[in-house]
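Below, each chain spelled out in residue letters.
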Amino acid sequence: MSSGTTVRRALESAIGNDDSLLRGLVTDYFPWILTVGIYLIAGFFLPTLFEGDTIETVFIQSTAVTILALGMAFTLIVAEIDLSIVSVLLFAPTAGILAVQHFGLPGILALPLAIVVALVVGYINGIVITKIGVPSLIQTLAAWWALQGAVLSLTQGRTLAAIPEFYQTLGVGSIGPVRNLIILTVIVVALAWFYSVKTVSGRRLFLVGGDSDSASRMGIDAAKYRRQAFLISAVLAALGGIALISRVGVISSGTGADLLMPAIAAPVIAGVSLFGGTGKIINVPAGALLVQLILTITRVAGISGYEFQLVQGLLVFVAVVLMELKRQNSLRTLVLGGDR
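Scoring rules and cut-offs
Residues numbered from 1 in each chain as written. Predicted model: local features only at pLDDT ≥ 70, side-chain atom pairs only at ≥ 80, totals over all residues. Heavy atoms only, no water. Helix = DSSP H or I, 4+ residues; strand = E, 2+ residues; numbered from the N terminus. Buried < 20%, exposed > 50% of the residue type's maximum accessible area, 1.4 Å probe, protein only. Contact = heavy atoms within 4.5 Å. Areas by Shrake-Rupley, 256 points an atom, 1.4 Å probe, with all protein chains shown as cover. Expected span 1.5 Å × (residues − 1). Axes fitted to C-alpha atoms, helices over the stretch in contact; angles between N-to-C directions. Parallel < 35°, antiparallel > 145°, perpendicular 65-115°, else oblique. Left-handed = near helix turned anticlockwise from the far one by under 90°. Nonpolar A, V, L, I, M, F, W, Y, C, P; charged D, E, K, R; others polar. pLDDT = per-residue confidence, 0-100. Patch = residues over 30% accessible without salt bridge, like charges linked within 9 Å, V, L, I, M, F, W, Y side chains within 5 Å. Salt bridge = Lys/Arg side-chain N within 4 Å of Asp/Glu carboxyl O. Core = buried A, V, L, I, M, F, W, Y, C linked by side-chain atoms within 4.5 Å. Phe/Tyr/Trp six-rings, centres within 6.5 Å; stacked < 30°, edge-to-face > 60°. Polar contact = N/O pair within 3.5 Å; in protein donor to acceptor, adjacent residues only side chain to side chain.

### Here we look at the overall build of the protein
Argument step 1. The secondary structure content of the protein amounts to 16 helices and two strands.
Argument step 2. Across the 340 residues of the protein, 47% fall into the buried class.
Argument step 3. By sequence separation, contacts in the protein at least 24 residues apart represent 73% of the contacts at least 6 residues apart.
Argument step 4. In the form shown here, the protein has an accessible surface area of approximately 16500 Å², with 67% of it arising from carbon and sulfur atoms.

Rendered as structure tokens:
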């Protein structure tokens, strides 16, 4: 074999490997590519999107949705759903703050108290669903209504503006040029990713969601991991509520009520299957950012209140369709020219 032929084959092999790598990256991290792509295209028509203040606003306003979406993703991974997250988001921090105020405790304790309350709610949801057999859709819907009523009872319908200083620091403070809320969200995302990828328990959630019967035959307690998913969802809902309350500075009965659909849409856009067992936690923030970006685009474009939800819904629809095409490999064929 001539040296020229050897070199040519080596080059073809290298190019083929690079192409395979590119295909793998597009497949694994398509939600990030989709989000960045839509942002760049929208920014071409709306240059305001490239301004520093607008970029920061997108990240800050997506913090609560990102944390909520991570919790929703864990329940979807085990083929369940948690509709109570928007009520846990409000109830757990409210209970923690009122306990601190009533008993004269340090304001910083409002955070662990909120987490404890969320764990109780998540535990009850998990037990009712796995032990009694109530479908997660029904149980978490009932919990949503009950917790919403509990908040109204605790606050008597009043808006609470006297939140602990800890919340204020978290909401408006920063470390250097980076806002505290963004740092909190990055930490939560990193922990969620580490748990889902690097721990046995995290990997078993996918196995349970993908095939619960097979998991049981392997000696894995499927019900245990389904309950675990609801505990994670509740804790992340409480953290999402803390992030949201810190940002808006008050608590009202309507706080976070509009975040349920974005919290469901974000993991779906990120490729988390509604039927369990599939999805990458690291892609969920991309889905949340895309949902917030769609909101920002519609506002910057000057869409009126009458058409706002219509345009927002259409854009989310397009994003979901693109993700489904990617899942079926149709979009990859269009972008990369198909398999050779």
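### Some words on helix H4 (residues 63-77)
Argument step 1. Taking 1.5 Å per residue, 15 residues should reach 21 Å; H4 reaches 21 Å between its end C-alpha atoms and fits that length.
Argument step 2. Residue Ala79 follows H4 closely and has a positive phi angle near 65 degrees.

### Some words on the packing of helix H5 (residues 85-103) against helix H7 (residues 136-155)
Argument step 1. The contact between H5 and H7 brings their axes to 9 Å, and the two run at 30 degrees. By the criterion of interaxial angle, the relationship of H5 to H7 is roughly parallel. Where H5 crosses over H7, the two elements pack in a sense that is left-handed. Between H5, through Val86, Ser87, Val88, Leu90, Phe91, Thr94 and Leu98, and H7, the contact on the second element is made entirely by Trp144, Leu147, Gln148, Ala150, Val151, Leu154 and Thr155.
Argument step 2. Residues belonging to the contact of H5 with H7 are distributed by class as follows: 10 nonpolar, four polar and no charged.

### A look at the confidence of the model for the protein
Argument step 1. Averaged over all residues, the pLDDT of the protein equals 85, while 86% of them reach at least 70.
Argument step 2. Low pLDDT, under 50, characterises residues 331-336; the predicted model gives this stretch 12 contacts beyond four residues in sequence or across chains.

### Here's the deal with a nonpolar patch on the surface
Argument step 1. Among the surface-exposed residues, Phe103, Leu105, Ile108 and Leu109 lie close enough to one another that they form a single nonpolar patch of about 370 Å² accessible area.
Argument step 2. As for its position among the elements, Leu109 is in the loop between H5 and helix H6 (110-132).

### Concerning the nonpolar core
Argument step 1. Of all hydrophobic cores here, the largest spans 89 residues; its most connected members are Leu70, Phe74, Ile85, Leu205, Leu236, Leu239 and Leu259.
Argument step 2. Excluding anything up to four places from it in sequence, Phe74 contacts Ala192, Tyr195, Ser196, Leu205, Ala229, Ile232, Leu236 and Ile281.

### Notes on the packing of helix H8 (residues 165-172) against helix H9 (residues 180-198)
Argument step 1. It is at 5 Å that the axes of H8 and H9 come closest, and there the two elements cross at 90 degrees. Here H8 lies roughly perpendicular to H9, going by the angle between them. Seen from H8, the contacting residues are Thr169, Leu170 and Gly171; seen from H9, they are Asn180, Leu181 and Leu184.

### Here's the deal with unusual backbone geometry
Argument step 1. At Ala79, a position not held by glycine, the phi torsion is positive, near 65 degrees.
Argument step 2. Among the secondary structure elements, Ala79 is positioned in the loop between H4 and H5.

### Let's talk about the packing of aromatic side chains
Each aromatic ring pair is characterised by the separation of its centres together with the angle its planes make.
Argument step 1. One pass over the full model with this rule turns up four aromatic pairs.
Argument step 2. Ring centres 5.2 Å apart and planes at 90 degrees place the aromatic pair Phe44 and Phe45 in the edge-to-face group. The pair formed by Phe44 and Phe45 is uniform in burial state, with each residue classed as exposed.
Argument step 3. Relative to Tyr167, the ring of Phe166 lies with its centre 5.7 Å away and its plane at 85 degrees, an arrangement referred to as edge-to-face.

### So, the side chain of Thr255
Argument step 1. Here Thr255 is to be found in the loop between helix H12 (222-248) and helix H13 (260-269).
Argument step 2. A distance of 3.0 Å separates a polar side-chain atom of Thr255 from the backbone nitrogen of Ser252.

### Digging into the pattern of salt bridges
Argument step 1. One pass over the full model with this rule turns up two salt bridges.
Argument step 2. The partner of Arg179 in a salt bridge is Glu56, with the nearest N and O atoms 4.0 Å apart. A residue pair is termed long-range when its members are at least 10 positions apart, and Arg179 in strand S2 (residues 178-179) and Glu56 in helix H3 (residues 52-61) qualify at 123 residues.
Argument step 3. In this structure, the salt-bridge partner of Arg226 is Glu80, at a minimum N-O distance of 2.8 Å. With Arg226 in helix H12 and Glu80 in the loop between H4 and H5, this pair connects stretches of sequence that are 146 residues apart.
Argument step 4. Relative accessible area serves as the criterion here: at 12%, Glu80 is assigned to the buried category.

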